[in-house]
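# Residue-level structural notes
For reference, the chains in residue letters:
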Amino acid sequence: MITIDSLTKRYGGFTALDDVTFTAQPGRVTGFLGPNGAGKSTTMRVMVGLTEPTAGSATILGRRFADLPNPGREVGVLLDASAQHAGRTGREILTIAQKTMRLPATAVEDMLDLVSLTEAESSRRVKNYSLGMRQRLGIATALIGRPEVLILDEPANGLDPAGIRWMRDLLRGFADDGGTVLLSSHLLHEIEVIADDIVVIGNGRIVAGGTKDEILSSSGTLVRADDLDGLALAVTAAGLAVTSSSSDGVIVDADAASVGRAAFDAGIAVTELRGADGSGLEEMFLQLTADSQRDHLTDSAMEGSAA
Ligand SMILES: Nc1ncnc2c1ncn2[C@@H]1O[C@H](COP(=O)(O)OP(=O)(O)OP(=O)(O)O)[C@@H](O)[C@H]1O
């Protein structure tokens, strides 16, 4: 379990984290979602003792990272796959971790197998690794101490679709065995397919949190009709809030029955009526963070959600 309690981090006059509170529970994959610069990495750095908070606390299994006796045995961390020593081979990096944590020598082979790095690949220097291979090696290093908790910052970066599926299955298995997983991403689709719980951060503040189902169901109802303008007027006249309106349809912050009734009362023929689910999460993400984004969302940030 990871507990973040009223965490604030200021750099001079700039507030990077503003009273951030959430938990990541055992047996669950918690997705930490937010646009670039929202504060995900800063939160994770505080968790593992790399950044000192201005106020508040972050504990892992009830203790601050610095107070864990053999941290690698309790929490696996991957903050930046490119930060691994470029001049060492993958095998050397794992062997150092194995010796530091006083693990059996077989642990290195086990991890290479787990992340599918071949004998030849593991003997290459990291500077010759692709980003995807670095991510696999980073995940192997995080897992080698068989920790209960995993903290991963953008772990899917650089993985191809098969690699993303592999990682998803690996994290699912880890959580199903009772582990706690916290992973950050600015890719909506990635979080949507992997996470059980979602915490959304924007401008250093938590703007939404809950189970994926709660977050999705709170994203409203998607309704379509030939007369979209009339439809939007009808739901508004019925006292329902329109979350977004485009040529693709209208998303309303209400259940499907209320939206259907409003359209029926106005004599508007509905052509589609359903929970906004995936598209709603994208809409919610954009909305929740719209006035808090420090950088514009890039095309790559949105590409996953278009799937
Ligand atoms: N050492 C620092 N000094 C000053 N500002 C900092 C420092 N570290 C981070 N920040 C600022 O804090 C904010 C949050 O940064 P952070 O790296 O946590 O965001 P993020 O959500 O991880 O974004 P990304 O997805 O781009 O990595 C940014 O505006 C960043 O510029």
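Up top you'll find the structure we're talking about.
All of the points below concern the structure found in this document. Here the residue index of a chain counts from 1 through its sequence in written order. Per-residue local features of the predicted model are confined to residues with pLDDT of at least 70, and side-chain atom pairs are confined, for both listing and counting, to 80 or more; whole-chain, interface and lining totals are unaffected and use all residues.

Pairs of strands are assigned from DSSP output, requiring at least two bridges between the strands. Put simply, DSSP marks the helices as runs of H or I at least four residues long and the strands as runs of E at least two long, and each gets a number from the N terminus on. The six strands lie next to each other as 5-6-7-3-8-9, forming an open sheet whose pairing is mixed. Each end of this open sheet is capped by a strand with a single partner; those strands are strand 5 (75–78) and strand 9 (205–211). Strand-to-strand, the axes of this sheet are offset by a mean angle of 15°, without reference to chain direction. Of the pairings in the sheet, the one linking strand 5 to strand 6 (residues 149–153) comprises four bridges and is parallel in character. Note on strand 6: the bridge partner recorded for V77 is I151. By the convention adopted here, residues make contact when the C-beta atoms placed from their backbones lie within 7 Å. Axes here refer to lines fitted to C-alpha atoms; in helices the fit is confined to the stretch in contact. Angles between the N-to-C directions go from 0 to 180 degrees. Sitting on the sheet, helix 6 (residues 131–143) is in contact with strand 5 and strand 6, with an inclination near 160° to strand 5. Its contacts with the sheet place helix 7 (residues 161–176) against strand 3 (28–33), strand 6 and strand 7 (180–185), and it is angled at close to 125° to strand 3.

Pairing between sheet strands relies on hydrogen bonds along the backbone, with the strands arranged either parallel or antiparallel. Strands sit in the order 11-12-10-13 across an open sheet of four strands; the sheet is antiparallel. Strands with a single pairing partner mark the edges of an open sheet, and in this sheet they are strand 11 (242–246) and strand 13 (270–275). The average angle at which neighbouring strand axes cross in this sheet is 15°, direction not considered. Taken together, the three bridges between strand 10 (residues 221–225) and strand 12 (residues 249–252) define a ladder with antiparallel strand orientation.

Here we come to the site of the ligand. The ligand sits among 13 residues. The nearest are Y11, A16, N36, S41 and T42. Residue assignment for the shell around the ligand shows that the elements contributing at least two residues are strand 2 (14–24) and helix 1 (40–47). Broken down by element, the shell around the ligand gets its largest block of residues, three residues, from helix 1. Under the grouping applied here, Gly and all other residues not named as nonpolar or charged are polar, the nonpolar ones being Ala, Val, Leu, Ile, Met, Phe, Trp, Tyr, Cys and Pro and the charged ones Asp, Glu, Lys and Arg. Taken together, the residues of the shell around the ligand break down into four nonpolar, seven polar and two charged. Using a C-beta atom placed from the backbone, a residue is scored as near a molecule or strand whenever that atom is within 6 Å of it.

Bringing helix 11 (residues 256–265) into the picture now. The complete set of buried residues in helix 11 reads V259, A262 and A263. Viewed along the axis of helix 11, the buried residues span an arc of 95°, placing them on a single side of the element. Along helix 11, the residues that are exposed and aim more than 90 degrees away from the buried face are A257, F264 and D265. If you follow the buried residues of helix 11, they end up packed against strand 10, helix 10 (228–237), strand 12 and strand 13. Positive phi shows up at G267, right after helix 11, with a value of about 70°. Three exposure classes are used. Buried residues have 20 or more other C-beta atoms within 10 Å of their own C-beta, exposed residues have 12 or fewer, and partly exposed residues fall in between, all C-beta atoms being placed from the backbone. Along the arc lie the directions from the helix axis toward the C-beta atoms.

When strand 1 (residues 2–11) meets strand 4 (residues 55–60), the two strands line up antiparallel, connected through five bridges. By the bridge assignment, T3 is partnered in strand 4 with T59. When strand 1 meets strand 2, the two strands line up antiparallel, connected through seven bridges. Looking at strand 2, one finds that T3 is bridged to T23.

Another point: the nonpolar core. Any nonpolar core is a set of buried residues, restricted to Ala, Val, Leu, Ile, Met, Phe, Trp, Tyr and Cys, that join up through C-beta atoms within 7 Å. Among the nonpolar cores identified, the biggest contains 66 residues, and L94, M111, L137, A140, I144, I151 and V181 are the most heavily contacted of them. No other element matches helix 6, which puts six residues into this core. Setting aside chain neighbours within four positions, we find I151 in contact with M44, M47, V48, V75, V77 and L182.

Within the chain, R102 stands out as a residue other than glycine whose phi angle is a positive 55°. Taking the number of C-beta atoms within 10 Å as the measure of exposure, R102 has 10 and is therefore exposed.

Let us look at helix 1. Taking burial as the measure, the eight residues of helix 1 include seven buried ones, the bulk of the element. Following helix 1 by one or two positions, G49 adopts a phi angle in the positive range, close to 75°.

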